[in-house]
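Observations on the three-dimensional arrangement
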Amino acid sequence: MINIEKEISDHIFRSATFEGMADNKGFPSEDYLQLYKKLASNGVKNIITGFTYVSENGKAVHPGQAGIDSPEKVPYFRKITDAVHEYEARIYMQLAHAGRQTSERVTGHPVVGASNKRSSYFQSTPKELTASEAGDIINSFADSAFYAKNAGFDGVQLHAAHGYLIHQFIHPYINDRKDEYGIDPGTGIGDRFLRQTVEAVRSRCGQDYPVLVKISASDDLPVKFSENNFISLIKVLDELKVSSIEISFGTMENALNIFRGNSVPADAVLDYNFRYGTKSIIKRNITKFAIMLFLKKDLIQFSNTYNLKYAVTAKKHTHIPVISVGGFRNGHDIYGAITSGSCDHVSLCRPFICEPDFMIRLKNDPEYISECSNCNYCAVMCDSPFSTKCCKHK
Ligand SMILES: Cc1cc2nc3c(=O)[nH]c(=O)nc-3n(C[C@H](O)[C@H](O)[C@H](O)COP(=O)(O)O)c2cc1C
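Here is what the cut-offs are and how they apply
- Residues numbered from 1 in each chain as written.
- Predicted model: local features only at pLDDT ≥ 70, side-chain atom pairs only at ≥ 80, totals over all residues.
- Near = placed C-beta within 6 Å.
- Helix = DSSP H or I, 4+ residues; strand = E, 2+ residues; numbered from the N terminus.
- Axes fitted to C-alpha atoms, helices over the stretch in contact; angles between N-to-C directions.
- Parallel < 35°, antiparallel > 145°, perpendicular 65-115°, else oblique.
- Left-handed = near helix turned anticlockwise from the far one by under 90°.
- Contact = placed C-beta atoms within 7 Å.
- Nonpolar A, V, L, I, M, F, W, Y, C, P; charged D, E, K, R; others polar.
- Core = buried A, V, L, I, M, F, W, Y, C linked by C-beta atoms within 7 Å.
- Buried ≥ 20, exposed ≤ 12 C-beta atoms within 10 Å, placed from the backbone.
- Domains from an automatic or database assignment.
- Expected span 1.5 Å × (residues − 1).
- Pairing = 2+ DSSP bridges.
- Right-handed = clockwise from strand over helix to strand, strands pointing away.

As a further point, take the site of the ligand. Neighbouring the ligand are 25 residues; S15, A16, F51, C349 and R350 lie closest to it. Residue assignment for the shell around the ligand shows that the elements contributing at least two residues are α9 (256–259) and α16 (377–381).

See below:
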């Protein structure tokens, strides 16, 4: 019988999951503390926080996003790391800048990006950052990492996936800059911003401070990140010797394909979504029809371990620990992915929203199957004024 506790709990991460539990200045609330305490006390050994902004102009549209943009926040986050460490678990803070994936209408800050390519979902045309402004944001990442370190986080994870700013620099379809932050003709990707961010974090926090990186292996943009692009990115991360590479998919242009699911929770979308939410009955009916017709058409169906194939490719090009995220729902798949060497670690998001005690259930039954139904109500809740929750805990 598989001994989950002994053999693989160290290889399971709770992947970054937006909490919606901070005040409007980005300070974590009591609920934020209780969330992480609950996960750690229920046997999650590796926790990555939800994406945390590094500067005000990098805030996302989601209400209640946490921020780590000033030293004032250190004692507040320290309470969280202390609580998690009591259970001998590790906690990493995910650092992010939204770039073009936000809206001035919501944040009150002008939208900036790697280049001025419009985001069709957020309907914002960013101002292209100058090289000097890009340098300022790199410094913000470094400062934020330093605050996270002082707050007791075991490391930081740079959010270079899902179409956020670092990803915007990397992706040849989004980055059409002509300066040194543009696409390197040799590798076909824009890796300078990422490289400088990793280096800046290390020079501020020490060379040994763990820097994890989350990336998207591919996506559904009109011109996709190719397999060659992906391999180039893995080689860059290998050269940088980052602490681990978490491999996801997609951008927020079509967020549901990051998560996958079998349907769209249309009523929750109409209640809360930043783009489609409306109270008018007529608009709701029209939008519901449009959702069924257009949004569903572009949906990639959920399948178990749906990003694992990218981890397998990555492992051919690096010895850095690879974390696979996406569609891990049962002990069999988790154990199989790790023991077969397809990846070094797995990370899970929605099962921990549905069942914060998932690790206990897995320990009691190594074949345990999560009750998460991939309905994506939790994802839609990120746009609501309420904290992220499962449809089963409404
Ligand atoms: C409610 C919700 C919030 C999320 N928040 C983040 C986040 O803050 N940062 C991030 O990198 N990914 C975020 N994700 C993506 C997850 O980390 C993960 O990559 C994705 O959900 C696939 O894993 P799963 O199949 O185990 O849910 C979020 C996903 C959901 C559903």
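Read on for the rest.
Below, the discussion takes up the packing of helix α2 (residues 30–41) against helix α3 (residues 74–85). Running from N to C, α2 and α3 point in directions that differ by 15°, and their axes come no closer than 8 Å. The pairing of α2 with α3 is recorded here as roughly parallel in orientation. Judged by the twist between their axes, the crossing of α2 over α3 is right-handed. Residue-level contacts link Y32, L33, Y36, K37 and A40 of α2 to K79, I80, A83 and V84 of α3. Here the residues of the contact of α2 with α3 are counted per class, giving seven nonpolar, no polar and two charged.

Residues V156, I245 and I247 are the most contacted members of the largest nonpolar core, which totals 117 residues. A per-element tally of this core places helix α5 (residues 131–150) first, with nine residues. In this structure, this core is formed jointly by two domains, domain 1 (4–255 + 303–388) and domain 2 (265–298), each of which donates at least three residues. Apart from the residues lying within four places of it in its own chain, the contact partners of I245 are V213, I215, I234, L237, A314, I320, V322 and I323.

Glancing now at α5. If you check α5, its first and last C-alpha atoms are 29 Å apart, about what 20 residues at 1.5 Å a residue would give, namely 28 Å. The elements touched by buried residues of α5 are α3, β4 (90–96), β7 (155–160), α6 (165–170) and α7 (192–205).

The next thing to look at is the domain arrangement of the protein. When the parts of a complex come together, some accessible area is lost, and that lost area is often used as the size of the interface. Split into domains, the protein comes out as domain 1 (4–255 + 303–388) and domain 2 (265–298). Placing the centre of domain 1 and that of domain 2 at their C-alpha centroids yields a distance of 28 Å. With eleven residues of domain 1 at the interface, the matching set in domain 2 holds eight residues. For the side of domain 1 that touches domain 2, the element with the highest residue contribution is α16, accounting for three residues. Looking at the side of domain 1 that touches domain 2, its residues break down into seven nonpolar, three polar and one charged.

Below, the discussion takes up the pairing of strand β11 (residues 345–348). Alternating residues of β11 divide into H345 and S347 and V346 and L348, and every residue in both groups is buried. Alignment of strand β1 (residues 12–14) against β11, held across three bridges, turns out to be parallel. Across the sheet, R14 pairs through a bridge with L348, a residue of β11. Across three bridges, the pairing between strand β10 (residues 322–325) and β11 is parallel. Note that in β11 the partner of V325 across the bridge is S347. For the crossover that starts at β10, traverses helix α13 (residues 331–339) and ends in the parallel β11, the hand is right-handed.

Once that is clear, we can look at unusual backbone geometry. Although it is not a glycine, T305 sits at a positive phi angle of roughly 50°. Looking at where T305 falls in the secondary structure, it is placed in the loop between α11 (281–295) and α12 (308–315). In this structure, N374 is a non-glycine residue whose phi angle is positive, near 55°. Structurally, N374 is set in the loop between α15 (358–364) and α16.

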